[in-house]
Amino acid sequence: MALDLNAVMDAIGTRLGNIAGLRVTDYASDRANPPHAIVGLPDEVEYDAVMGRGADRVVIPITLLVGKVSERAARDQLAAYVSGTGAASVKEAVDGDLGGAAQTARVTGATISIVTIQSVDYLGASFEVEVYD
């Protein structure tokens, strides 16, 4: 297979869209409407990650914003998204073959942080999705 970055990013966006109530943008965005997941571009593409052109590798970032830092409910929402399982779990939604867009995709971690977009501080998390194709 050959890596189709557009198909991978679209497929991640589609999977995230299956989480009830989560707005998703499968491209870099400078606007937020929480709860909102933004699928970003990888920093690099690693060719021949598996020998013999077996697979290329990328790490796709997802930025997920749940609400203003000052909102009490934001913490509870964020906890559900970073959970390893459950209806709102980003890991559970994304892990797999992305409907055939990749050989495998796996959410490897999440970093909780404050993200500023257009001078507004949001509570959020940055997820890393390791993709082989």
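The following refers to the structure shown. Worth saying up front: this structure is predicted, and the values here are computed from it rather than measured.

### A closer look at the overall build of the protein chain
Here is step 1: Counting secondary structure elements, the protein chain contains three helices and six strands.
Here is step 2: The order of α-helices and β-strands along the protein chain, N terminus first, is α-β-β-β-β-α-α-β-β.
Here is step 3: The C-alpha atoms of the protein chain give 15 Å as radius of gyration, which agrees with the globular expectation for 133 residues (14 Å, within 12%).
Here is step 4: The dimensions of the protein chain, computed from C-alpha atoms along their principal axes, are 50 × 30 × 20 Å.
Here is step 5: Burial statistics for the protein chain: of 133 residues in total, 37% are counted as buried.
Here is step 6: Taking contacts inside the protein chain between residues at least 6 apart in sequence as the whole, the part at least 24 apart equals 57%.

### Comments concerning the nonpolar core
Here is step 1: In this structure, Ile 12, Leu 16 and Val 90 are the most contacted members of the largest nonpolar core, which totals 31 residues.
Here is step 2: In contact with Leu 16, not counting residues within four places along its chain, are Leu 22, Val 24, Ala 37, Val 39, Ile 62, Val 90 and Val 94.
Here is step 3: The next biggest cluster of nonpolar side chains, apart from the first, holds five residues, and it includes Ile 38, Leu 65, Val 115 and Tyr 122.

### With respect to helix α2 (residues 73-82)
Here is step 1: Every buried residue belonging to α2 is among Ala 74, Leu 78 and Tyr 81, and all of these are buried. Buried positions in α2, seen along its axis, are confined to an arc of 60° and lie on one side of it. Facing away from the buried surface of α2 by more than 90 degrees, the exposed residues are Ala 73 and Arg 75.

### A few points about the pattern of salt bridges
Here is step 1: For the structure on display, the rule yields six salt bridges.
Here is step 2: Salt-bridge contacts for Asp 76 lead to Arg 75; the nearest nitrogen and oxygen are separated by 2.9 Å.
Here is step 3: You can call Arg 75 exposed: its relative accessible area is 60%.
Here is step 4: Arg 106 is the salt-bridge partner of Glu 130, the closest N and O atoms lying 3.2 Å from each other. Residue Glu 130 is located in strand β6 (residues 120-132), and its partner Arg 106 is located in strand β5 (residues 104-117); the two are separated by 24 residues in the primary sequence.
Here is step 5: Classification of Glu 130 by relative accessible area gives buried; the value is 14%.
Here is step 6: The class for Arg 106 is partly exposed, based on a relative accessible area of 42%.
Here is step 7: What you see here is one network of salt bridges that share partners, running through Glu 46, Arg 57, Arg 106 and Glu 130.

### Looking at the side chain of Asp 56
Here is step 1: Tracing the chain through its elements places Asp 56 in strand β4 (residues 55-68).
Here is step 2: Within the local environment of Asp 56, its side chain forms a polar contact with the backbone nitrogen of Asp 48, the two atoms lying 3.1 Å apart.
Here is step 3: Setting aside its immediate chain neighbours within four residues, Asp 56 contacts Leu 3, Glu 46, Tyr 47, Asp 48, Ala 49, Val 131, Tyr 132 and Asp 133.

### Quick notes on the pairing of β6
Here is step 1: When β4 meets β6, the two strands line up antiparallel, connected through eleven bridges. Directly across from Arg 57, in β6, lies its bridge partner Tyr 132.
Here is step 2: Across 13 bridges, the pairing between β5 and β6 is antiparallel. Looking at β6, one finds that Ile 114 is bridged to Leu 123.
Here is step 3: Counted along the chain from β5 to the antiparallel partner β6, the turn is two residues long, and its residue Gln 118 has a positive phi close to 50°.

What counts, and at which threshold
- Residues numbered from 1 in each chain as written.
- Predicted model: local features only at pLDDT ≥ 70, side-chain atom pairs only at ≥ 80, totals over all residues.
- Heavy atoms only, no water.
- Helix = DSSP H or I, 4+ residues; strand = E, 2+ residues; numbered from the N terminus.
- Rg over C-alpha atoms; globule rule 2.2 N^0.38 Å.
- Buried < 20%, exposed > 50% of the residue type's maximum accessible area, 1.4 Å probe, protein only.
- Contact = heavy atoms within 4.5 Å.
- Core = buried A, V, L, I, M, F, W, Y, C linked by side-chain atoms within 4.5 Å.
- Arc of directions from axis to C-beta.
- Salt bridge = Lys/Arg side-chain N within 4 Å of Asp/Glu carboxyl O.
- Polar contact = N/O pair within 3.5 Å; in protein donor to acceptor, adjacent residues only side chain to side chain.
- Pairing = 2+ DSSP bridges.

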